[in-house]
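Secondary and tertiary structure notes
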Amino acid sequence: MRILTLTGIKKKIGSEEILKGIDLTINRGEFVAILGASGSGKSSLLYIAGLLDAPSEGEVHLLEQKVDFSKKSKLSYLRNKHLGFVFQFHFLLPEFTLLENVMLPALKSNKDQKEIKERALQLIEFLGLKEKINRRVYQLSGGEMQRTAIARALINNPELLLADEPTGSLDSKNTQRVMEIFKKVNELGTTILMVTHELELTRHTTRIIEVKDGLIIRQTPN
């Protein structure tokens, strides 16, 4: 099943054309890397795929349904229900504990709070953070913060996890750990779309899409 389809995607900022006509399909179960240098358009592509930004031209279909970017409340609902996000910087809320940060996106749903907490605890244990559950953000290491952000992204059991340079602020040891987590998450059924400029990270993925100057120049099964 197709999770995401992008057709004829163009993006202009002022007179500059960032994306020049992208066609891309992401199928359920894939772990896809978008590879490219800084300024290639890869992050702009991810933001449109994640419904965080609207294309200037083209269509986005999520789970076979066309996305209407003019309906902001609907976009918010689709992101919260179907998508998870991991960015280069964790964006955790310092006033909350690790557990509270993980639970936060799910509190917008109609799920029982006890059920949400149980799901959060499972993710925290899966990511090796059980001993830090009541710590606040400033008490966590960089790697622990990013693993907390991954748990938060997975709390609503998203069909698609989008990651924008998720290891960009980490050392090599924590980079390896995060990529191993992504691989396990993908093996458990979550589709992943990851932007990176590091070729080494793509060895964990099932498909590599190379972007240059706003165009897809190559796709490689991994």
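Presented here is an overview of the structure given in this document. (Residues numbered from 1 in each chain as written. Predicted model: local features only at pLDDT ≥ 70, side-chain atom pairs only at ≥ 80, totals over all residues. Heavy atoms only, no water.)

Concerning the pairing of strand S9 (residues 207-212)
Note the threshold: Strand pairing is assigned whenever DSSP detects at least two bridges linking the two strands. Secondary structure is summarised from DSSP: a helix means a run of H or I of at least four residues, a strand means a run of E of at least two, and numbering begins at the N terminus for each.
Note that strand S3 (residues 31-35) and S9 share 4 bridges and pair parallel. Following the sheet pairing, Ile34 is matched in S9 by Ile209. Between S9 and strand S10 (residues 215-221), which pair antiparallel one after the other, the connecting turn spans 2 residues, and Asp213 there sits at a positive phi close to 50°.

Remarks on the pattern of salt bridges
In a structure, side chains of opposite charge can pair up when their charged atoms sit close to one another. Put simply, the test is: The term salt bridge refers to a pairing of a side-chain nitrogen on Lys or Arg with a carboxyl oxygen on Asp or Glu at a separation within 4 Å. When a residue's accessible area, from a 1.4 Å probe over protein chains only, is under 20% of the maximum for its type it is buried; when over 50% it is exposed; and in between it is partly exposed.
As enumerated under the stated definition, the model contains 8 salt bridges in all. For Glu59, the salt bridge goes to Lys66, with nearest N and O atoms at 3.3 Å. Glu59 gets classed as partly exposed once you look at its relative accessible area, which sits at 34%. Overall, the relative accessible area of 55% leaves Lys66 in the exposed class.

Examining the sheet that holds strand S7 (residues 160-164)
Operational definition: Whenever a helix is involved, its axis is fitted only over the stretch in contact; in every case the axis is a line through C-alpha atoms, and angles between N-to-C directions fall within 0 to 180 degrees. Two residues form a contact once any of their heavy atoms are found within 4.5 Å.
Taken in spatial order, the 6 strands make up an open sheet running S6-S7-S8-S3-S9-S10, and their pairing is mixed. Every interior strand has two partners, whereas the edge strands, strand S6 (83-86) and S10, have only one. Neighbouring strand axes in the sheet, compared pairwise and without regard to direction, differ in orientation by 15° on average. Contacts from helix H6 (residues 172-187) reach S3, S6, S7 and strand S8 (191-196), with the element oriented near 150° to S8.

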